[in-house]
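Observations on the model geometry
Spelled out, the chains give:
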Amino acid sequence: MREIISKAASSGLDFTRRGALKSFLARIDIEQDTYDMVYTTIKNMSFEKDFCKIPYDNRIVFLPQCLRNANECPAELGKDGYRCKKCGKCPIGEVFALAEELGYKGVYIVPGSSLVRNIIDRDRPRAVVGVACYLELAETMEHVALLDTIPQGVPLLKDGCVDTIADMEKVKGTMRLYIG
């Protein structure tokens, strides 16, 4: 992965848009499944220093609805996604607790990237932490960067749209990044 990213970074191309990266990766015979992983990694690396400078109260966390325990979750779907009841049946409550402790602007449990974009367009946070599959992360990171919002994405360990798994320590570690 590091070799791919080094080649991409040293190529001189502007990877603001995913299309440029896809074209570059196709030319060096990288499988299409890898595109969004590389794009997300490049975005995380290139925005990390700026992300660390944004105060917690100007950040939002987005979690995918698929992290919920689908069979037992009492959360109700509203206009801004699911409203967590902090029941302890999934790890989402941990994120809410840390966000409250740090003073985050908000945490949203969303069913898809279109709602993420709507919330960002409406609330205009300076930075966002997103947890999702690589495809959703890449699409959303591309959009938010164009809005001068600084993204950091944490990919799911197991995706599939239902009962997914995230590295919650990595999520919380990303949320804590701050150098003031």
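See the structure printed just above.
We now turn to the structure provided with this report. Please read these numbers as outputs of a predicted model, since none were measured by experiment.

1. Description of the pairing of strand E1 (residues 59-64)
Of all 6 residues that make up E1, 6 are buried, and the element is covered over most of its length. Burial of E1 is two-sided: the residues Arg59, Val61 and Leu63 facing one way and the residues Ile60, Phe62 and Pro64 facing the other way are all buried. Here E1 pairs with strand E5 (residues 127-132) via 4 bridges, running parallel. Bridging from a neighbouring strand, Val61 pairs with Val129 of E5. Here E1 runs beside strand E4 (residues 106-110); their pairing, made up of 5 bridges, is parallel. Pairing of Ile60 across the sheet is with Gly106, part of E4.

2. What about helix H4 (residues 92-102)?
Residues Ile92, Val95, Phe96, Leu98 and Ala99 constitute the buried set of H4. In a view along the axis of H4, the buried residues occupy a sector of 165°, so they form one face of it. Turned more than 90 degrees off the buried face of H4, the exposed positions are Glu100 and Glu101. In this structure, the buried residues of H4 make contact with E1, E4 and helix H7 (168-176). Directly after H4, the chain includes Gly103, whose backbone phi takes a positive value near 90°.

3. Topic: the pattern of salt bridges
Applying the stated criterion to the full structure yields 7 salt bridges. Where Asp80 meets Lys79, a salt bridge forms, and the shortest distance between an N and an O atom there is 3.6 Å. When its relative accessible area of 66% is taken as the criterion, Lys79 is described as exposed. In this structure, Glu100 and Lys86 form a salt bridge, with 3.1 Å as the shortest nitrogen-oxygen distance. With Glu100 in helix H4 and Lys86 in the loop between strand E3 (81-83) and H4, the pair connects residues that are 14 residues apart, well separated along the chain. The structure contains a network of salt bridges with shared partners spanning Lys79, Asp80, Arg122 and Asp123.

4. Some details on empty space enclosed by the protein
All chains considered together, the criterion is met by 1 cavity of 30 Å³ or more. Forming the boundary of the largest cavity are 14 residues, of which Cys84, Lys85, Lys86, Cys87 and Cys90 lie nearest the centre. Of the residues assigned to the lining of the largest cavity, the class counts are 8 nonpolar, 2 polar and 4 charged.

5. A few points about the layout of surface pockets
Roughly 390 Å³ of volume is contained in the largest pocket. Considering the residues around the largest pocket, the lining is formed by 26 residues, among which Pro64, Val131, Ala132, Cys133 and Glu136 are closest to the centre. Classifying every residue of the lining of the largest pocket by side-chain character gives 17 nonpolar, 7 polar and 2 charged. Considering only enclosed or pocket space, the second largest pocket measures out at about 210 Å³ in volume. In this structure, the second largest pocket is lined by 13 residues; those nearest its centre are Asn44, Gln152, Gly153, Pro155 and Lys170. The set of elements that each furnish at least two residues to the lining of the second largest pocket consists of helix H3 (35-52), strand E6 (150-155) and H7. Ranked by the residues each element gives to the lining of the second largest pocket, the list is headed by H3, at 5 residues.

What counts and what doesn't
Residues numbered from 1 in each chain as written. Predicted model: local features only at pLDDT ≥ 70, side-chain atom pairs only at ≥ 80, totals over all residues. Heavy atoms only, no water. Buried < 20%, exposed > 50% of the residue type's maximum accessible area, 1.4 Å probe, protein only. Helix = DSSP H or I, 4+ residues; strand = E, 2+ residues; numbered from the N terminus. Pairing = 2+ DSSP bridges. Arc of directions from axis to C-beta. Contact = heavy atoms within 4.5 Å. Salt bridge = Lys/Arg side-chain N within 4 Å of Asp/Glu carboxyl O. 1 Å grid on protein atoms, 1.4 Å probe; cavity = no way out; pocket = protein on both sides within 12 Å on 5 of 7 lines; lining within 4 Å. Points joined across faces, edges and corners; volume = space filled by probe spheres on them. Nonpolar A, V, L, I, M, F, W, Y, C, P; charged D, E, K, R; others polar.

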